[in-house]
Amino acid sequence: MRVLVTGGSGFVGAPTVRQLTAAGHEVIAPSHRSYDILDASGRAQLIADAKADTLIHLAWETRHAYFWVAPENVQWRDASIDLFRRFLEAGGTRIVMSGSCAEYDWQNASTDPLHETSTPCIPHMPYGDAKLETLHACSEFMDAGASIAWGRLFFLMGPAENPLRLVPAIVRPLLSGKRASMSAGTQIRDFMDVDDAAGAFVALAASKVTGPVNIASGEGLALREIAQYAFDTIANGELGLGDLPMRPVDPPVLLADVDRLTQEVGFTRQYDWKGSIDRCIAYWRTQAPL
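The residue numbering used here restarts from 1 in each chain and proceeds along that chain's sequence as written. Where totals are concerned, whole chains, interfaces and linings use all residues; where local detail is concerned, this predicted model gives features only for residues with pLDDT of at least 70, and gives and counts side-chain atom pairs only at 80 or more. Side-chain numbers come from the whole structure's heavy atoms, not from hydrogens or water.

Participant: For this particular structure, what's the right way to read the nonpolar core?
Facilitator: Within soluble globular proteins, side chains that are nonpolar generally end up buried alongside one another. Counting residues in hydrophobic clusters, the biggest one holds 60 residues, and the most contacted among them are L4, F154 and I226. Any two residues whose heavy atoms approach within 4.5 Å are treated as being in contact. Every residue in contact with F154, bar those within four places of it in the chain, is listed here: C101, Y104, L114, D190, N214, I215, A216, L255 and A256. Note on terminology: a nonpolar core comprises buried Ala, Val, Leu, Ile, Met, Phe, Trp, Tyr and Cys residues joined through side-chain atoms within 4.5 Å. Exposure is judged per residue with a 1.4 Å probe applied to protein chains only, and the accessible area is read against the type maximum: over 50% gives exposed, under 20% gives buried, and values in between give partly exposed. Formed by 25 residues, the second largest nonpolar core is a distinct cluster that contains V3, V209, I215 and V265.

Participant: How should the environment of A230 be read in this particular structure?
Facilitator: Within the secondary structure layout, A230 lies in helix α7 (residues 223-234). In this structure A230 comes out as buried when scored by relative accessible area, which is 1%. Each C-alpha atom, one on A230 and one on I277, is 7.0 Å from the other, the two residues being 47 residues apart in sequence. Runs of H or I in DSSP of at least four residues are treated as helices and runs of E of at least two as strands, each being numbered from the N terminus.

Participant: I'm lost on the sheet that holds strand β11 (residues 221-222) in this one. Help?
Facilitator: Across a sheet, paired strands are connected by hydrogen bonds in the backbone, their directions being either parallel or antiparallel. Two strands pair under a simple rule: DSSP has to find at least two bridges between them. Reading across from one edge, β11-β8-β13 is the order of the 3 strands in this open sheet, with mixed pairing throughout. Of all strands in the sheet, those with a lone pairing partner are β11 and β13 (253-254), marking the two edges.

Participant: Which parts of the structure should I look at to understand the packing of aromatic side chains?
Facilitator: For any pair of aromatic rings, the description consists of the separation of the ring centres together with the inter-plane angle of the planes. Stacked, tilted and edge-to-face are the three classes applied to pairs of Phe, Tyr and Trp rings, where Trp contributes its six-membered ring and a pair requires centres within 6.5 Å; stacked means planes under 30 degrees apart, edge-to-face means over 60, and tilted covers the rest. Tallied over the entire structure, the rule returns 10 aromatic pairs. Centroid distance W68 to W106: 5.9 Å. Interplanar angle 65°. Geometry classified as edge-to-face. Of this pair, W68 sits in the loop between β3 (54-57) and α3 (72-89) while W106 sits in the loop between β4 (94-100) and α4 (126-143), and the two are 38 residues apart along the sequence. W68 gets classed as partly exposed once you look at its relative accessible area, which sits at 24%. Judged by relative accessible area, W106 falls into the buried class, the value being 15%. Should the NZ of a Lys or the CZ of an Arg lie within 6 Å of a ring centre and within 35 degrees of the ring normal, that charge is described as sitting over the ring. A cation over a ring is seen here: K131 above W60, with NZ or CZ 4.0 Å from the ring centre. Sitting over the face of the ring of Y104, R152 holds its NZ or CZ atom 4.7 Å from the ring centroid.

This is how it looks when you write it as structure tokens:
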């Protein structure tokens with residue numbers, strides 16, 4: 001494939017580009033400084049220059065915590081829809097987009113795995129709204145014959161992630177001999193290693209599967225299990241379970257059904273959750289201490 005990857009330098013994008021290249025695909029992953037995707041002329045020039053047959057669209061507003069409610073979500077929705085239209089009109093044949101588990105109805109989530117077709121999608125944040133609205137536009141393109149897959153990401157961990165995210169927020173204080181404060185950590189989440197998520201996008205792009213596909217491990221993990229394993233492994237500092245209050249808006253369980261990913265796409269992940277945390281710890285050992 002000749003693959004255009006937007007957001008190719010990001011947390012998910014960088015390993016996606018590496019794995020595409022390792023698999024022998026021709027990859028175009030320009031920096032955001034070269035083409036402004038939020039500008040119509042930038043999108044037009046990008047499509048014209050790339051001459052790609054496959055598009056993996058990962059670029060979006062990603063600033064930690066801010067992205068959930070950012071007004072820029074609407075801009076990214078509109079820009080993404082236009083980017084897809086231009087790509088298809090230029091002869092592109094395959095699109096893979098990064099969606100989000102925030103598209104699902106979190107407020108009424110049960111303990112059952114969230115399924116791409118049977119679980120209601122009722123977002124409760126601007127980020128989820130914008131992603132779902134982009135998917136609806138993709139459905140119209142698909143009705144006209146376009147081949148589009150929607151990789152619905154759940155929760156990720158891995159080296160080089162934002163230090164404010166869960167795993168670094170636990171690991172970094174412990175490595176420095178400090179107290180890592182968190183909530184009681186009873187929330188159950190579906191975590192996947194970022195390199196596995198990248199591999200899932202590569203596999204999805206090479207497949208003929210269309211529509212939403214959960215990109216997740218399919219295993220529920222309490223946040224306190226992550227923290228306790230990191231604490232036991234590092235054997236330094238203090239773990240402050242319960243130091244911080246639980247957020248009342250947090251659903252108790254967010255777990256993915258991954259049958260489409262494993263059975264239809266045929267993807268098998270490389271890392272279990274402990275192996276992924278080990279990678280995170282090894283990475284943060286090489287960085288400047290707190």
